[in-house]
Amino acid sequence: MSLKIVVMKPICSLIIRSYNEQKHIRRLLEGVKRQTIFQQVEVILVDSGSNDDTVVIAREYGVKVINIRPEEFSFGRALNRGCMAAQGEYLLFASAHVYPLYTDWIERMIAPFHDKNVALVYGRQVGCEVSKYSEQQLFNKWFPSFSNYDQAISFCNNANCVVRKELWEQQQYDESLTGLEDLAWASQIKEKKYKIAYEALAPIVHVHEETPSRIKNRYRREAIALKIIYPNEKFSFFNFIRLTIANIFSDSFHAIHDKSFTSNFFSIIMFRYMQFWGTYLGYNQKNQINETLRNRLYYPNDMKRPPRHSELTHLPPSGERIIYSGFEG
């Protein structure tokens, strides 16, 4: 029987959104339990109608469960419900299908807040053995191995992200968006002259096991949200063709050098086609997106090869590595 997570004095509230995540959530909660400051962290699960054992598992760990009806769900609404119930000074968000690699994950995530001007910190994400090759390339591009404590653009990701609660109280998440509520929040907070920090030393593994149709729908949903955030942006059929081909070429280049081209070729084509076809379907207006942000969201990786080493060995020691055994995913 797992030891329950017991909170003495919450500094940080971890808010997890879930729907049928029994395969993954136990590993995340085990990782939280092994954090250096876990006794000062409260855990809140916002569940939108799971019909598996997600909620049962969460309650084994003493997690506070908030239920939201599926018809009420939006990403922003689920976050706001969790934030309303939170007692911590900092609000940490994690997907139910992620898990931390090190015991000081939460410590590292809240450390940049020593700078009073930092409003948001997001951490590194890496893939695992089930991740599609192209998604690994996205992780490499979006979440590099070096930290940046005053990021020029408003990019962030709520699969591994923390904000000051006092700022959330002033500016809640947009409940009308179909996705990218994190980008919308970050854009608005940056306009108020606050800093966005990226912490490479707080990595989590993000497990995505998506069918082609779910990949398409994810990017379609995000494109619908993005055109609301940036209402003048346009994504044409020509963009779809050009970026699909460019990213397939880039991924293939890296796969050849990784000696994994044959095993990943069809996956690369499928992923990139669905990514940009979904984007084309959902996003057809032009905006003034910062070019760096545009590159982060869409464009292929540079034709440069990193040194050969494992995903995280080039980072300095950042807490004890968590060993997960007996967990699915």
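Here, every reference points to the structure presented above.
Source: prediction; values computed, not measured.

Here's the deal with a nonpolar patch on the surface
No. 1: Taken together, the side chains of Phe237, Ile241 and Ile245 define a hydrophobic patch exposed on the protein surface, amounting to about 270 Å² of accessible area.
No. 2: Of note, Phe237 is situated in helix 9 (residues 237–257).
No. 3: The class of Phe237 is partly exposed, set by a relative accessible area of 42%.

Brief notes about the pairing of strand 8 (residues 195–206)
No. 1: Most of strand 8 is tucked away: 11 of the 12 residues are buried.
No. 2: In the sheet, strand 5 (residues 98–100) pairs with strand 8 via 3 bridges, with the strands oriented antiparallel. Looking at strand 8, one finds that Val98 is bridged to His206.
No. 3: As judged from the 7 bridges shared by strand 6 (residues 118–126) and strand 8, these two strands associate in the parallel manner. The partner of Tyr122 across the bridge, within strand 8, is Tyr198.

Considerations on the nonpolar core
No. 1: Ranked by internal contacts, the top residues of the largest apolar core, which has 37 residues, are Ile15, Leu91, Phe93, Leu120, Tyr122 and Val163.
No. 2: In terms of residue count, the dominant contributor to this core is helix 3 (residues 75–85) (4 residues).

What about the sheet that holds strand 3 (residues 64–67)?
What links the strands of a sheet is backbone hydrogen bonding, and the strands pair in either a parallel or an antiparallel sense.
No. 1: Strand order across the open sheet formed by 8 strands is 3-2-1-4-7-6-8-5, with mixed pairing between neighbours. Each of the sheet's edge strands pairs with one partner strand only, and the pair in question is strand 3 and strand 5. Each neighbouring strand pair of the sheet contributes to a mean axis angle of 30°, computed without reference to strand direction.
No. 2: Pairing between strand 2 (residues 41–47) and strand 3: 4 bridges, direction parallel. Looking at the pairing, Leu45 lines up with Val65 of strand 3.
No. 3: Helix 7 (residues 181–191) contacts strand 1 (12–18), strand 6, strand 7 (160–164) and strand 8 of the sheet and is inclined by roughly 145° relative to strand 6.

Focus: the side chain of Ser50
No. 1: Summarising the element assignment, Ser50 is placed in the loop between strand 2 and helix 2 (54–60).
No. 2: Judged by relative accessible area, Ser50 falls into the buried class, the value being 16%.
No. 3: One polar contact links the side chain of Ser50 to the main-chain amide nitrogen of Asn20, over a distance of 2.6 Å.
No. 4: Among the polar contacts listed, one links the side chain of Ser50 to the side chain of Asp47, at a separation of 2.5 Å.
No. 5: Contacts of Ser50, omitting those with residues within four sequence positions, involve Ser18, Tyr19 and Asn20.

Regarding the pattern of salt bridges
No. 1: Summed over the entire model, instances satisfying the criterion amount to 14 salt bridges.
No. 2: Taking the shortest distance from any N to any O, the salt bridge between Arg26 and Glu60 comes out at 2.9 Å. Of this pair, Arg26 sits in helix 1 (residues 25–33) while Glu60 is found in helix 2, placing the two residues 34 residues apart along the sequence.
No. 3: Three or more residues are tied together by salt bridges with common partners; here these are Arg69, Glu71, Glu72 and Arg81.

As for the pairing of strand 6
No. 1: Among the 9 residues that make up strand 6, 9 are buried, leaving the element largely enclosed by the rest of the structure.
No. 2: Pairing of strand 6 with strand 7, which is carried by 3 bridges, proceeds in the antiparallel orientation. From the neighbouring strand, Leu120 faces strand 7, where its bridge partner is Val163.

Conventions used here
Residues numbered from 1 in each chain as written. Predicted model: local features only at pLDDT ≥ 70, side-chain atom pairs only at ≥ 80, totals over all residues. Heavy atoms only, no water. Patch = residues over 30% accessible without salt bridge, like charges linked within 9 Å, V, L, I, M, F, W, Y side chains within 5 Å. Areas by Shrake-Rupley, 256 points an atom, 1.4 Å probe, with all protein chains shown as cover. Salt bridge = Lys/Arg side-chain N within 4 Å of Asp/Glu carboxyl O. Helix = DSSP H or I, 4+ residues; strand = E, 2+ residues; numbered from the N terminus. Buried < 20%, exposed > 50% of the residue type's maximum accessible area, 1.4 Å probe, protein only. Pairing = 2+ DSSP bridges. Core = buried A, V, L, I, M, F, W, Y, C linked by side-chain atoms within 4.5 Å. Axes fitted to C-alpha atoms, helices over the stretch in contact; angles between N-to-C directions. Contact = heavy atoms within 4.5 Å. Polar contact = N/O pair within 3.5 Å; in protein donor to acceptor, adjacent residues only side chain to side chain.

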